[in-house]
Amino acid sequence: MQALFIGQTYIDVTLVADQIPTGDDKDVARDYAVSFGGNAVTAAFCCARLGIPPDLLTSVADDWLGRMFLDMAAKYQVSVHGRKVKRSSLSFVMPKGDKRAILRARDDQYLHPCPPLNLSDCRALHLDGHMPDAAIQYARQCREAGILTSLDGGGLRVNTMELLPFIDVAVVSERFCEQLNMAPSGVLDLLKHKGCRIGGVTQGARGLFWYDEKGMVQIMPAPAVPARETADTNGAGDVFHGAYVYSYLARPALPWEAHFRFARAASAHAIRYLGNEARLPTLADVETAERRFKPATAVTA
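Treat the numbers as computed from the prediction; the structure is a model and nothing was measured.

All right, on to the nonpolar core then. Grouped together as the largest cluster of nonpolar side chains are 52 residues, with contacts concentrated most on Phe45, Tyr244, Trp256 and Phe260. The biggest single contributor to this core is helix H7 (residues 236-250), with nine residues. In this structure tyrosine 244 touches His126, Ser150, Leu151, Val169, Val171, Trp256, His259, Phe260 and Ala263, once residues within four positions along its chain are discounted.

Turning our attention to the side chain of glutamate 229. Structurally, glutamate 229 can be placed in the loop between strand S13 (217-220) and H7. Aside from chain neighbours lying at most four places away, what touches glutamate 229 is Ile271, Arg272, Arg292 and Phe293.

What follows is about the pattern of salt bridges. In this structure the tally under the stated criterion is twelve salt bridges. Residues aspartate 108 and arginine 106 are paired through a salt bridge, measuring 3.6 Å at the closest nitrogen-oxygen approach. Glutamate 229 is the partner of arginine 292 in a salt bridge, and the nearest nitrogen-oxygen pair spans 2.7 Å. Taken together, the residues arginine 292 in helix H10 (residues 283-292) and glutamate 229 in the loop between S13 and H7 connect sequence positions 63 residues apart. By relative accessible area, arginine 292 is classed as partly exposed at 42%. Among the charged side chains, a salt-bridge network with shared partners connects Arg143, Asp168 and Arg197.

Take helix H3 (residues 132-145) next. In this model H3 runs 20 Å from its N-terminal to its C-terminal C-alpha over 14 residues, within 8% of the 20 Å that 1.5 Å per residue would give. Turning to H3, its buried residues are Ala134, Ala135, Ile136, Tyr138, Ala139 and Cys142. Next to the buried residues of H3 lie strand S1 (3-7), strand S4 (55-61), strand S5 (79-85), strand S8 (124-127), strand S9 (148-153) and helix H4 (160-163). Following H3 by one or two positions, glycine 146 adopts a phi angle in the positive range, close to 75°.

As for its placement among the helices and strands, aspartate 168 is situated in the loop between H4 and strand S10 (169-173). Under the relative-accessibility criterion, aspartate 168 is labelled buried at 9%.

Any pair of aromatic rings gets described here by the distance separating the centres and the angle formed by the planes. The tally for this structure, following the rule as stated, stands at twelve aromatic pairs. Grouped by ring-pair contacts, the aromatic residues Trp210, Phe240, Tyr244, Tyr248, Trp256 and Phe260 constitute a single cluster. The ring of tyrosine 10 has arginine 104 sitting right over it, with the charged end atom 5.3 Å from the ring centre. Over the ring of tyrosine 211 we find lysine 192, and its NZ or CZ is 5.1 Å from the ring centre.

What follows is about the packing of helix H1 (residues 39-50) against H7. At a minimum axis separation of 7 Å, H1 and H7 run at an interaxial angle of 45°. In terms of axis orientation, H1 runs oblique to H7. Taken as a pair, H1 and H7 cross one another with a handedness that is right-handed. On H7, the residues that touch Asn39, Thr42, Ala43, Cys46, Cys47 and Leu50 of H1 are Asp238, Val239, His241, Gly242, Ala243, Tyr246 and Leu249. Partitioned by chemical class, the residues of the contact of H1 with H7 number eight nonpolar, four polar and one charged.

What counts, and where the lines are drawn
- Residues numbered from 1 in each chain as written.
- Predicted model: local features only at pLDDT ≥ 70, side-chain atom pairs only at ≥ 80, totals over all residues.
- Heavy atoms only, no water.
- Core = buried A, V, L, I, M, F, W, Y, C linked by side-chain atoms within 4.5 Å.
- Buried < 20%, exposed > 50% of the residue type's maximum accessible area, 1.4 Å probe, protein only.
- Helix = DSSP H or I, 4+ residues; strand = E, 2+ residues; numbered from the N terminus.
- Contact = heavy atoms within 4.5 Å.
- Salt bridge = Lys/Arg side-chain N within 4 Å of Asp/Glu carboxyl O.
- Expected span 1.5 Å × (residues − 1).
- Phe/Tyr/Trp six-rings, centres within 6.5 Å; stacked < 30°, edge-to-face > 60°.
- Lys NZ or Arg CZ within 6 Å of the ring centre and 35° of its normal.
- Axes fitted to C-alpha atoms, helices over the stretch in contact; angles between N-to-C directions.
- Parallel < 35°, antiparallel > 145°, perpendicular 65-115°, else oblique.
- Left-handed = near helix turned anticlockwise from the far one by under 90°.
- Nonpolar A, V, L, I, M, F, W, Y, C, P; charged D, E, K, R; others polar.

Right under this line is the structure:
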């Protein structure tokens, strides 16, 4: 095991439609995609697609959606440590421009305790805060063993504040800031206070507001992807996380600015495709995105 990702599995159904029917109406979508989903899960598949297949501790149900997910994981050589639930979780995603609406149905009532895993060769742990007992257990173990720990703070969860003291790299969303009723600058101060070596707030088209190894706060502008090429922004943040974990594993001596620049290009590639599987980048895709999409002008956080 080179890396362990922990999170909740979804099957994502992405629909492109001009309108959403209500009442007794019907309509036909213009396009659709069906794929794996979930924050840390998508990040794990991204890391695998780039060339380093990780292990994944995640919810798995013994139903046809669960078996479909395991087939997807096998295709990308992601080693799944399943934690059984009764039913698979679903997300219905409806992208429009640079926004997306999501309706979820989730089963996170785990039928068995968190399984013991051998971390002897593990070099990185990535969490999204789901499966809170496993998240805190393995974050603590990895921090004590000197293994890099990473958190996708897409939203404030019941265990987030408990987790942060065990996290090396915390990249959170604007929604996370809103839930805390704090400005991004205040959230960066919070992450520093909690002991996170690297912290950041993703701000979509306005880029990444973050601090580096020396605590220097800065803005990394987002690549300027033309609106006509933007198909689906859902999952772009998950690709960002998976790509920087890959970059760290592949080139651990590089500074975090380099890892985030690599991840930024991976995300620029991702938003041009519909659905999580189609958006997964290869190394060649990342190189192409770096050449094609130059950073937009930096804006104030």
